[in-house]
Amino acid sequence: MIGAICRLALATIVLAALGAAAQPLTVTAEGFDARIGAQPGPVIVDGRLQWLYELHLSNFVGRTLTVREVRVYVDQKRQPAWTLRGDELQRRLVTIGADETVALAGIAPGRRAVIYLDFLSGDAAALSRTLRHEVDYLDGDETRTLSLPPVPVAVPATLRLGPPLRGGPWVAVHSPDWPRGHRRVVIATGGRARIPGRFAIDWVKTDAQGKTSRGDADRVADTLGYGDEVLAVDEAVVALVRDDMPEPELVSARRKHALTDAAGNFVSLRLSDGRYAVYEHLKPGSIRVRAGDHVRRGQVIAALGFTGDSTGPHLHFHVADAAEPAAGEGLPFALSGWRELGRYGDIGALGRTPWPAQRATRLRRNEWPGWNVVVEFDE
Ligand SMILES: [Zn+2]
């Protein structure tokens, strides 16, 4: 008995020395390995904090576990900032390797699911410090609650980037809900699964009628925005360039590429804060910079094109922690300014009808362009 106490005391001392004895060790019947994919950091949209990050759940028990509800708490608040259940949970829970959302959010033994968390909280001035998560799930007939420790929120980036293009109108084509949109494309490279396009935007040019072509919609050269100058968003050093991919003349002649070629011709700029600005699908022969070059804000670096995996000429732009288009973890960013003309509620209308106009154009400063907004750059 004395021996046991001594061993326990010794273990406590050893744990304390390792800095790990603050909490008593408790073993519960929980069966998920749960983790947040990348450190959450918000972007600002319409003066509010927009969160986009993921909760990964791996089932480590020999039974299917069924997620019923996810609650997200901001800082010390007792009321959840966001509760995810039912159809909404269903749409946001994707089992890796499965084609469709698994019925009733059930996660089979050994499978890993990603829950895409996208919600607004508070106003931009009240920046949160931590986020905390609770997951209710069914294990057989029993409902269990997994309570995860708070995760610190990433410090917001201070660089306000200039426009990647001139004039407009440009449609910021993106949505967190598209099953195969950037935000949901998890790529495992170099031994880690990441989402390079978490905050990516596809910039598509339009006109007052909402058209995207000036003639034959199938001709790449007739597409609005094709060949437009692409600009450095800040003072930077060119990190990586690729300019050897050909381009079809017809949109219908596009084909699927291997992951290594999906970005087409691209330029990656290393920004002064260490992040990378990545421009994809650039026009062959248009890239005016080489790796190692210093560029200034607003400098023309290339032209908008149609190389790589793309459904029509546009500029793909994202910020990440790696220069390689498919290797980085997508990071939040803000653009210094634009005029917001409206927003496509249904992006399927782009190319056919004008966007639902706002009563007055609004000047947006130091924000991230929201889903499918129509903007004009004035810098
Ligand atoms: Zn894209």
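Conventions we followed
Residues numbered from 1 in each chain as written. Predicted model: local features only at pLDDT ≥ 70, side-chain atom pairs only at ≥ 80, totals over all residues. Heavy atoms only, no water. Phe/Tyr/Trp six-rings, centres within 6.5 Å; stacked < 30°, edge-to-face > 60°. Helix = DSSP H or I, 4+ residues; strand = E, 2+ residues; numbered from the N terminus. Buried < 20%, exposed > 50% of the residue type's maximum accessible area, 1.4 Å probe, protein only. Lys NZ or Arg CZ within 6 Å of the ring centre and 35° of its normal. Donors = N, O, S within 2.8 Å, 3.2 Å for Na, K, Ca; no water. Pairing = 2+ DSSP bridges. Polar contact = N/O pair within 3.5 Å; in protein donor to acceptor, adjacent residues only side chain to side chain. Contact = heavy atoms within 4.5 Å. Salt bridge = Lys/Arg side-chain N within 4 Å of Asp/Glu carboxyl O.

Colleague: I would appreciate a short explanation of the packing of aromatic side chains in the present structure.
Modeller: One pass over the full model with this rule turns up ten aromatic pairs. Residues Trp 82 and Phe 119 carry aromatic rings whose centres are separated by 5.2 Å and whose planes lie at 15 degrees to one another, so their mutual orientation is stacked. One end of the pair, Trp 82, is in strand S5 (residues 82-85); the other, Phe 119, is in strand S8 (residues 112-123), with 37 residues separating them in the sequence. Look at Trp 82 and you get buried, because its relative accessible area is 13%. Exposure remark for Phe 119: the relative accessible area of 3% places this residue in the buried category. Taken together, the ring pairs connect Trp 51, Tyr 53, Trp 82 and Phe 119 into an aromatic cluster. Stacked on the ring of Tyr 73, the Lys or Arg Arg 132 has its end atom at 4.4 Å from the ring centre.

Colleague: For this particular structure, what's the right way to read the coordination of the zinc ion?
Modeller: The protein atoms donating to the zinc ion are His 182 (NE2), Asp 202 (OD) and His 316 (ND1), with metal-donor distances spanning 2.1 to 2.2 Å. The motif formed by the donor residues of the zinc ion, counted along the single chain, is H-x19-D-x113-H. One end of the pair, His 182, is in the loop between strand S13 (167-173) and strand S14 (187-189); the other, Asp 202, is in strand S16 (residues 201-205), and 20 residues separate them in sequence. Classification of Asp 202 as buried rests on a relative accessible area of 15%.

Colleague: Teacher, can you tell me more about the pairing of strand S19 (residues 265-271) here?
Modeller: The side chains of a regular strand alternate, first on one face of the sheet and then on the other. In terms of residue burial, S19 counts as a mostly covered element, since six of its seven residues are buried. Bridge count between strand S18 (residues 236-242) and S19: six bridges; the pairing is antiparallel. Residue pairing across strands places Leu 240 opposite Ser 268, the latter belonging to S19. By the bridge criterion, five bridges tie S19 to strand S20 (residues 276-282) in an arrangement that is antiparallel. Bridging from a neighbouring strand, Leu 269 pairs with Ala 277 of S20. Once S19 ends, the chain turns through four residues before running back antiparallel as S20, passing Gly 274 with a positive phi of about 95 degrees.

Colleague: I would appreciate a short explanation of the side chain of His 133 in the present structure.
Modeller: By the element assignment, His 133 lies in strand S9 (residues 130-139). At 2.7 Å, the side chain of His 133 forms a polar contact with the side chain of Tyr 53. Setting aside its immediate chain neighbours within four residues, His 133 contacts Ile 36, Tyr 53, Arg 71, Val 72, Leu 117, Leu 146, Ser 147, Leu 148 and Val 151.

Colleague: Quick question: what am I supposed to make of the pattern of salt bridges here?
Modeller: In a structure, side chains of opposite charge can pair up when their charged atoms sit close to one another. All told, the structure shown has 32 salt bridges when counted by the stated rule. In this structure, the salt-bridge partner of Arg 132 is Glu 134, at a minimum N-O distance of 3.3 Å. For the salt bridge of Asp 234 with Arg 297, the shortest nitrogen-to-oxygen distance reads 3.6 Å. Of the two residues, Asp 234 is situated in the loop between strand S17 (229-231) and S18 and Arg 297 in the loop between strand S21 (294-295) and strand S22 (300-303); the sequence distance between them amounts to 63 residues. Judged by relative accessible area, Asp 234 falls into the buried class, the value being 11%. Here the residues in one salt-bridge network are Glu 54, Glu 88, Arg 92, Asp 118, Asp 177, Arg 183, Arg 192, Arg 198 and Glu 329, joined through shared partners.

Read these as geometric descriptors, not functional statements.
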